[in-house]
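# Geometric and topological summary
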Amino acid sequence: MNSVAKDARASGAKVGLEAETIIIRGGRPLTGRIDVKGAKNLVTKAMVAAILGDTPSTLRDVPAISDVQVVRGLLEVHGVTVTDGDPGELIFDPSRVESAHMVDIDAHAGSSRIPILFCGPLLHRLGEAFIPDLGGCRIGDRPIDFHLEVLAQFGAVVEKLPSGIRLSAPERLRGTKISLPYPSVGATEQVLLTSVLAEGKTELAGAAIEPEIMDLINILQKMGAIISVDTDRVIRIEGVSKLKGYSHRALFDRNEAASWASAALATEGDIFVGGAKQEELLTFLNIFRKVGGAFDIADDGIRFYHPGGELKPVVVETDVHPGFMTDWQQPLVVALTKAQGVSIVHETVYEQRFGFVEALVQMGANIQLHSECLGSSPCRFGQRNFVHSAVISGPTPLHGADIEIPDLRGGFSHLIAALTAEGTSRVSNVGIISRGYENFITKLQQLGADFSLEA
Ligand code: EPU
């Protein structure tokens, strides 16, 4: 079963897309206003954090995306009651948390890696947790070794079973001193979600400090946790014996905002992204401006547009926050095919995140991939033969093609490519986009795209 079908099964398909293929007639600038809601990469974790409280939690600005449906299903199989409040609001009652069977977790998880983050909270509440075999992913191996090592350091017993992994906590988990070999977002969240109820103090060095992590810390503090973020990526947590529920409005989705910004630039359009904020997009905005894009920052959002004239090439290295985020490069690469000259993108977060380039080349882009580090600083993939640098020579007009979406961000870049291309494109596997982009079909309509859907 492919990941989309698995996600659709997991989500109840309410927010998923029935159509599998979108036929796009390219060449029209995208213009108009769309709004972004809470960040996928915060909302899904905030939902898990609700398990830690002994009273209900309320989360606002929850986007209608299938990853949220997946986590909702997982919470429900673990006995958490999830109800809809006002539009975009979810209420979680964790008073009857219970163990779930591996097969049910697997059925609800789809291709998502989120079951890993249930471990800390479930070990505190129930003394055990299960992780099913996690599906493969086309952006690299995406191992979970940091997560398992961290949980073991807190005192969890890790047992490999044929169908997945069982974790147990024979006694209350204890605070510990951890140093991550790489500032992993997921492993940092794992430490936060586990340490807050552990006995004693935890010190985490080498932590990720993405805005979504800071917002998760805001939530945990509202619940009663004691967490300080020091300089140099050190986070200190003083464990407490109980936490209450939270009420929180999620941070906006800066990855969705950056995706629509690149769509505006590549299609020579003009998009106002309601809900986007400057601070979390600072690094993106600098590169957007260097490429030749323009933006106006308002209190309620940011207008991104192509001001006319030629786009300019750039050298970009993806990095952990506050660097240029890995999820921003794929949509931007489409705009870079229109720039006059040679651009370089050096991907330093994931070892294989250029799978989407093949389709762009098929559409007429001139992109060469390399295993050397082509940015200014060598990264941990340089000596390991991973194809992780791209050289984009432009401008090259794109033409329509039949393409298949490989993953979420690469998939969005395919949509943009088809929207800029001359002629008609058939883009299949499009349902995957609804994992992380709320109502993207309606948004494309609002922005004047010319397309039709095929079941
Ligand atoms: N890594 C390990 N071992 C681990 C965990 C991570 O080697 O146990 C490596 C990864 O293989 C990768 C690097 O560390 O090379 C960074 O991975 P990280 O743990 O930071 O990523 P993640 O938590 O799995 C989240 C987002 C990603 C986003 C990255 C980086 C969620 C659900 N996912 O992934 O978002 O790209 O952080 O910021 O929060 C997306 O939204 O499409 C997406 C992939």
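No experiment lies behind these values; they were computed from the predicted model shown.

Take the domain arrangement of the chain next. By a widely used convention, the size of an interface equals the accessible area lost when the partners come together. In terms of domains, the chain is made up of domain 1 (6-36 + 252-454) and domain 2 (40-249). Between the C-alpha centres of domain 1 and domain 2 there is a distance of 29 Å. Carbon and sulfur atoms supply 50% of the area buried between domain 1 and domain 2, which totals about 2,700 Å² over both sides. Our enumeration of links across domain 1 and domain 2 arrives at two salt bridges. Taking the shortest distance from any N to any O, the salt bridge between R435 and D67 comes out at 3.0 Å. At the boundary of domain 1 with domain 2, the tally comes to eight residue pairs in polar contact (both at pLDDT 80 or more).

Attention now goes to the sheet that holds strand β6 (residues 128-132). Pairing is antiparallel in the open sheet, where three strands are placed in the order β6-β8-β7. Either end of the sheet is taken by a strand with one partner, and the two such strands are β6 and β7 (157-161). Within this sheet the neighbouring strands show an average axis-to-axis angle of 20 degrees, counted without direction. Examined bridge by bridge, β7 and strand β8 (residues 164-168) share five bridges and lie antiparallel to one another. From the neighbouring strand, V157 faces β8, where its bridge partner is S168.

On to helix α7 (residues 185-195). Judged by how many residues are buried, α7 sits mostly within the fold: ten of eleven residues are covered. Taken residue by residue, α7 has G186, A187, T188, E189, Q190, V191, L192, L193, T194 and S195 as its buried positions.

All right, on to the pattern of salt bridges then. Summed over the entire model, instances satisfying the criterion amount to 24 salt bridges. Between R353 and D327 there is a salt bridge; the shortest N-O distance is 3.0 Å. With R353 in the loop between β18 (341-346) and α12 (357-362) and D327 in helix α11 (residues 326-336), this residue pair connects regions lying 26 residues apart in the sequence. When its relative accessible area of 7% is taken as the criterion, R353 is described as buried. Residue D327 is classed as buried on the basis of its relative accessible area of 9%. The shortest N-O distance in the salt bridge between E454 and R426 comes to 3.1 Å. Remark: R426 occurs in strand β22 (residues 424-428) and E454 occurs in strand β23 (residues 451-454); sequence separation between them is 28 residues. By sharing partners, the salt bridges in this structure join R25, R28 and D450 into a single network.

What follows is about the sheet that holds strand β20 (residues 389-394). Reading across the sheet, the four strands line up as β17-β18-β20-β19 and stay open at both edges, with mixed pairing between neighbours. Each end of this open sheet is capped by a strand with a single partner; those strands are β17 (315-317) and β19 (366-370). Strand after strand, the sheet turns through a mean of 15 degrees between neighbouring axes, direction not considered. Taken together, the six bridges between β18 and β20 define a ladder with antiparallel strand orientation. Looking across to β20, one finds that V345 is bridged to A390.

Turning next to the packing of helix α2 (residues 40-49) against helix α8 (residues 211-223). Put simply, α2 and α8 touch, their axes get as near as 9 Å, and they point 25 degrees apart. As far as their axial angle goes, α8 and α2 are roughly parallel. Crossing angle aside, the handedness with which α2 passes α8 is right-handed. Residues N41, L42, K45, A46 and A49 of α2 form the contact with α8, whose participating residues are E212, D215, L216, I219, L220 and M223.

We now examine the site of the ligand. Taken together, 24 residues are adjacent to the ligand, and D145, S184, V185, D327 and V349 come closest. Of all elements in the fold, only α2, α6 (145-153), α7, α11 and α13 (408-420) reach the threshold of two or more residues within the shell around the ligand. Across the shell around the ligand, the residue classes break down as ten nonpolar, five polar and nine charged. Shared between two domains, the shell around the ligand takes at least three residues from each, and those domains are domain 1 (6-36 + 252-454) and domain 2 (40-249).

On average, residues of the chain score 93 in pLDDT, and 94% of them are at 70 or above. Element-level pLDDT for the chain is lowest in helix α1 (residues 3-11), with a mean of 37, against a maximum mean of 99 in strand β16 (residues 301-305). pLDDT under 50 marks residues 1-14. Its contacts with residues more than four places away, or in other chains, come to 26 contacts.

To describe a pair of aromatic rings, one takes the distance between the centres and the angle between the planes. Scanning the entire structure with this criterion turns up eleven aromatic pairs. Relative to F304, the ring of F288 lies with its centre 5.4 Å away and its plane at 80 degrees, an arrangement referred to as edge-to-face. With F288 in helix α10 (residues 282-291) and F304 in strand β16, this residue pair connects regions lying 16 residues apart in the sequence. Both residues of the pair, F288 and F304, belong to the buried class. Each member of the aromatic cluster is reached from another via a ring pair, and the members are F284, F288, F295, F304, F324 and W328. In this arrangement the basic side chain of R303 is found over the ring face of Y305, its NZ or CZ atom lying 3.7 Å from the centre. Here R380 stacks its cationic end above the ring of Y182, 3.6 Å away from the centre of that ring.

Structurally, E280 can be placed in the loop between β14 (270-274) and α10. Buried E280, no salt bridge; nearest opposite-charge side chain is K277, N-O distance 6.4 Å. Contact partners of E280, with chain neighbours within four places excluded, come to P211, L251, F252, R254 and W328.

Here is what the cut-offs are and how they apply
- Every chain is numbered independently, its residues counted from 1 as its sequence is written.
- Per-residue local features are limited, in this predicted model, to residues with pLDDT of at least 70; the limit for side-chain atom pairs, both in listing and counting, is 80 or more; totals at the level of whole chains, interfaces and linings are taken over all residues.
- The side-chain values count all of the structure's non-hydrogen atoms but skip hydrogen atoms and water molecules.
- As annotated, the domain borders come from an automatic or database domain assignment.
- Buried area adds together the accessible area that both of two parts lose upon being put together, with accessible area traced by a 1.4 Å probe.
- The salt bridge definition used is simple: a Lys or Arg side-chain nitrogen within 4 Å of an Asp or Glu carboxyl oxygen.
- Counting of polar contacts relies on pairs of N or O atoms within 3.5 Å, with two restrictions inside protein: one atom must be capable of donating a hydrogen and the other of accepting it, and residues adjacent in sequence are counted only when both atoms are side-chain atoms.
- Here, a strand pair is defined by DSSP locating no fewer than two bridges between the strands.
- A run of DSSP states H or I qualifies as a helix once it reaches four residues; a run of E qualifies as a strand once it reaches two. Both are numbered from the N-terminal end.
- Interaxial angles span 0 to 180 degrees and are taken between N-to-C directions of axes, which are lines fitted to C-alpha atoms, for helices over the stretch in contact.
- Type-normalised accessible area, obtained with a 1.4 Å probe on protein chains alone, sets the label of each residue: buried when under 20%, exposed when over 50%, and partly exposed for intermediate values.
- Put simply, angles under 35 degrees are roughly parallel, angles over 145 are roughly antiparallel, angles from 65 to 115 are roughly perpendicular, and the rest are oblique.
- Handedness of each helix crossing follows the sense of rotation of the near helix against the far helix: counterclockwise by less than a right angle gives left-handed, clockwise gives right-handed.
- Contacts between residues were defined by any pair of non-hydrogen atoms, one from each residue, lying within 4.5 Å.
- Only a single heavy atom is needed: when it lies within 4 Å of a molecule or strand, its residue is near that molecule or strand.
- When residues are sorted by character, Ala, Val, Leu, Ile, Met, Phe, Trp, Tyr, Cys and Pro go into the nonpolar class, Asp, Glu, Lys and Arg into the charged class, and all the rest, Gly among them, into the polar class.
- The quantity known as pLDDT measures the predictor's confidence residue by residue, on a range of 0 to 100.
- For this analysis, a ring pair means two rings from Phe, Tyr or Trp (six-membered ring only for Trp) whose centres lie within 6.5 Å, classed as stacked if their planes differ by under 30 degrees, edge-to-face if by over 60, and tilted for the remaining angles.
- In this scheme, Lys NZ or Arg CZ marks a charge over a ring once it lies within 6 Å of the ring centre and within 35 degrees of the ring normal.
- Here Asp and Glu are counted as negative and Lys and Arg as positive; His is not counted, and neither are the chain ends.

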